[in-house]
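# Fold and contact review
Letter by letter, the chains look like this.
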Amino acid sequence: MTAVLWFRRDLRLADHPALAEAGASRPGGVVGLFVVDDRLWGPSGDNRRAWLARTLAALDEQAGGRLVVRHGRPEQVVPALVREVEAEAVYVSADFGPYGRGRDGAVAEALGPVPLVGSGSPYAVDPGEVRAARGEPYRVFTPFHRGWTAHGWGVPVEVPPVTWVGGVASAGRPGAPDVKAALPPAGEAAAHRRLDAFMADVDRYGTLRDRPDLDRTSRLSPYLRWGTLHPRQVLAQLGEGPGAAKFRAELAWREFYADVLWHRPESARRALQPAMAAMEVDTGPEADRRFEAWATGQTGYPYIDAGMRQLLGEGWVHNRVRMAVASFLVKDLHLDWRRGARWFMRHLVDGDLASNQHGWQWVAGTGTDPAPYFRVFNPVTQGQRHDPHGDYVRRWVPELAGVAGAAVHEPWKLGGLLAPAGYPPPIIDHGQERADALARYQAARSTSAGRAHR
């Protein structure tokens, strides 16, 4: 009586409902499987591929070297392994993403009489569980947050006793590409070390979380993305102070976006607000030149450039900076939010479809925020407010290392011999582009209103 545990976004052993169920119900042992699916592996950037390979190495070590890795289409690989080991069931953590739902349906059909048993998910509260009074999904975060909190979540459980089945051929872990980015340590143990470090300072999270010059955010997002840490494990340790409450709300944002994508899977590629589809965006060679400047951190706005260079240097960006660089691309450079979302997904270690796409849509004014387009982040004042001493900029923009204090946010004002060499001037005038962005917004609203009255 053997079971297959098919790992996906749950690369841990502790607090793993599917593993606990597989181990308890199948005394013949468990075959741990990870499938390298080219439909996911291919589009992933090198940072995410490298980190996944390292995470799988850590999981394999935890499983006594008995993790089976196979390459191919899951609807072919999983049934083939089931026949090979004569498994009576396949256990998984439920996947609520658009691709995962379709993939799991295809695997379940291919398995025939062998059941695909879902138990647990990557979320504290599964998408679709929290609904408004009439059963409708929430469209705005604040009432979702109240419903999510009222719903509650379970208590984490320890690693269950499991007999891992050996002697099953494995294709080996996927090759980890060489990357320049300084990626965080991978694996379940590393995730808990990071959680412990964050919890030791969580009281200051509420007041200092917007400071990219300080290490006051959790940096747990890569571990949550790949399930080496479950949000339930984080929630179990959070107390009731203001810092803990604020971080609990950030976890709720992650689950809100997953819920939105569950109900509206097309929003991964299209505007959630149809009226905003009429927004004019720039294309052509000049637009491409501006995108390249943004993507490589050469816009001449230090705070923006620091954020984009952090993305390339660490495969991660501070959340406050993510909003600023996204606003700059959409509202200063007038480019399609999807270009930025794709660039982020290409480089982020924590690249998560729901959080990434809907975070970009929130900034672009096409998503869940009812009236966000007027929120145009000023690339200078954002730096002055959240990097008041300029330390974040000087870390990531070495051309400005010799500029002291807050002057680093406006190096074009230094003039003469004080102007830093090798750093570009601003590629646009923010005031002019802000006015242009708002004019485009008004035009899109007028177009949408005209269509509605036809």
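Everything below is about the structure printed above this text.
Residues numbered from 1 in each chain as written. Predicted model: local features only at pLDDT ≥ 70, side-chain atom pairs only at ≥ 80, totals over all residues. Heavy atoms only, no water.

### Details of the overall build of the chain
Where we set the bar: Segments assigned H or I by DSSP are reported as helices when at least four residues long, segments assigned E as strands when at least two residues long, and all are numbered from the N terminus. The globule rule is 2.2 Å times the number of residues to the power 0.38, and the radius of gyration it is compared with is taken over C-alpha atoms. Partly exposed describes any residue whose relative accessible area lies between the buried limit of under 20% and the exposed limit of over 50%, with all areas from a 1.4 Å probe on protein chains only and scaled to the type maximum. Contacts are residue-level and defined by heavy atoms, with any inter-residue pair within 4.5 Å sufficient. Surface exposure here means Shrake-Rupley accessible area, sampled with a 1.4 Å probe, where a residue is shielded only by the protein chains that are shown. We count Lys and Arg on the positive side and Asp and Glu on the negative side, and we leave His and both chain ends out. For charged residues, the charge sits on one atom: NZ in Lys, CZ in Arg, CG in Asp, CD in Glu.
The number of helices and strands found in the chain is 19 helices and five strands. For 454 residues, the compact-globule estimate of 2.2 N^0.38 gives 22 Å, and the C-alpha radius of gyration of the chain, at 23 Å, lies within 12% of that figure. Its C-alpha atoms give the chain principal-axis dimensions of about 75 × 60 × 45 Å. Burial statistics for the chain: of 454 residues in total, 53% are counted as buried. Looking at the chain alone, contacts between residues at least 24 apart form 79% of all its contacts between residues at least 6 apart. Of the roughly 19,300 Å² that the chain leaves accessible, carbon and sulfur atoms contribute 52%. Where the 55 positive side-chain charges of the chain centre and where its 51 negative ones centre are 3 Å apart.

### Concerning the environment of Ala124
Mapped onto the elements, Ala124 comes out in the loop between strand E5 (116-118) and helix H6 (141-151). When its relative accessible area of 11% is taken as the criterion, Ala124 is described as buried. With 90 residues separating them along the chain, Ala124 and Leu214 place their C-alpha atoms 29 Å apart. When neighbours within four sequence positions are excluded, Ala124 is seen to be in contact with Trp148, Trp153, His230, Pro231, Leu235 and Glu255.

### Overview of the nonpolar core
When a protein is soluble and globular, its nonpolar side chains tend to lie buried together. Applicable threshold: Take the buried Ala, Val, Leu, Ile, Met, Phe, Trp, Tyr and Cys residues and link them wherever side-chain atoms come within 4.5 Å; each set so joined is a nonpolar core.
Phe7, Trp148, Leu220, Val234, Leu238, Trp294 and Trp360 are the most contacted members of the largest nonpolar core, which has 103 residues in total. When near neighbours in sequence (up to four residues on either side) are disregarded, Leu220 contacts Ala191, Arg194, Leu195, Phe198, Leu229, Val234 and Phe247. Listed in part, the 18 residues of the second largest apolar core include Val31, Leu81, Val90 and Leu111.

### Observations concerning empty space enclosed by the protein
Sizing a probe to match a water molecule and rolling it over the atoms shows the empty space that remains. This is how it is decided: Residues are said to line a cavity or pocket when one of their atoms sits within 4 Å of a point; the points come from a 1 Å grid over protein atoms alone, cavities being sets where a 1.4 Å probe fits but cannot get out and pockets being open sets with protein on both sides within 12 Å along at least five of seven lines. Grid points are joined across faces, edges and corners, and a volume is the space filled by probe spheres set on the points. Residues are grouped as follows: Ala, Val, Leu, Ile, Met, Phe, Trp, Tyr, Cys and Pro are nonpolar; Asp, Glu, Lys and Arg are charged; all remaining types, including Gly, are polar.
Under the definition given, this model contains two cavities of 30 Å³ or more. Considering only enclosed or pocket space, the largest cavity measures out at about 50 Å³ in volume. For the largest cavity, the full set of lining residues is Arg9, Asp10, Arg12, Ser93, Ser121, Pro122, Leu224, Gly227, Leu229, His230 and Pro231. Its residues assigned to classes, the lining of the largest cavity comprises four nonpolar, four polar and three charged. For the second largest cavity, the calculated volume is near 40 Å³. Lining of the second largest cavity is provided by Arg8, Arg9, Ser93, Ala94, Asp95 and Pro122. Of the residues in the lining of the second largest cavity, the class split is two nonpolar, one polar and three charged.

### Structural notes on the pairing of strand E1 (residues 2-7)
Using the following cut-off: We treat two strands as partners when DSSP finds at least two bridges between them.
For E1, the buried fraction is high: six of the six residues fall into the buried class. The alternating pattern of E1 places Thr2, Val4 and Trp6 and Ala3, Leu5 and Phe7 on opposite faces, both of which are buried. Note: E1 against strand E4 (residues 87-92), four bridges, orientation parallel. Its bridge partner lying in E4, Leu5 is registered against Tyr91. Pairing of E1 with strand E2 (residues 30-36), which is carried by five bridges, proceeds in the parallel orientation. Along E2, the bridge assignment pairs Leu5 with Gly32.

### Points about the sheet that holds strand E3 (residues 68-71)
What counts, and what does not: Fitting a line to C-alpha atoms yields each axis, with helices limited to the stretch in contact; the angle taken between N-to-C directions then spans 0 to 180 degrees.
An order of E3-E2-E1-E4-E5 is seen for the five strands of this open sheet, with the pairing classed as parallel. Bordering the open sheet on either side are E3 and E5, each of which pairs with just one other strand. Taken over all neighbouring pairs, the strand axes of this sheet differ in orientation by 30° on average, direction set aside. Relative to the sheet, helix H4 (residues 74-85) contacts E1, E2, E3 and E4, its axis offset from that of E2 by approximately 155°.

### Regarding the pairing of E2
With seven of its seven residues buried, E2 lies for the most part within the structure. Of the two faces of E2, the one lined by Val30, Gly32, Phe34 and Val36 and the one lined by Val31, Leu33 and Val35 are each fully buried. Of the pairings in the sheet, the one linking E2 to E3 comprises four bridges and is parallel in character. Within the sheet, the bridge partner assigned to Val35 lies in E3 and is Arg70.

Purely spatial values, then, with no claim about function.
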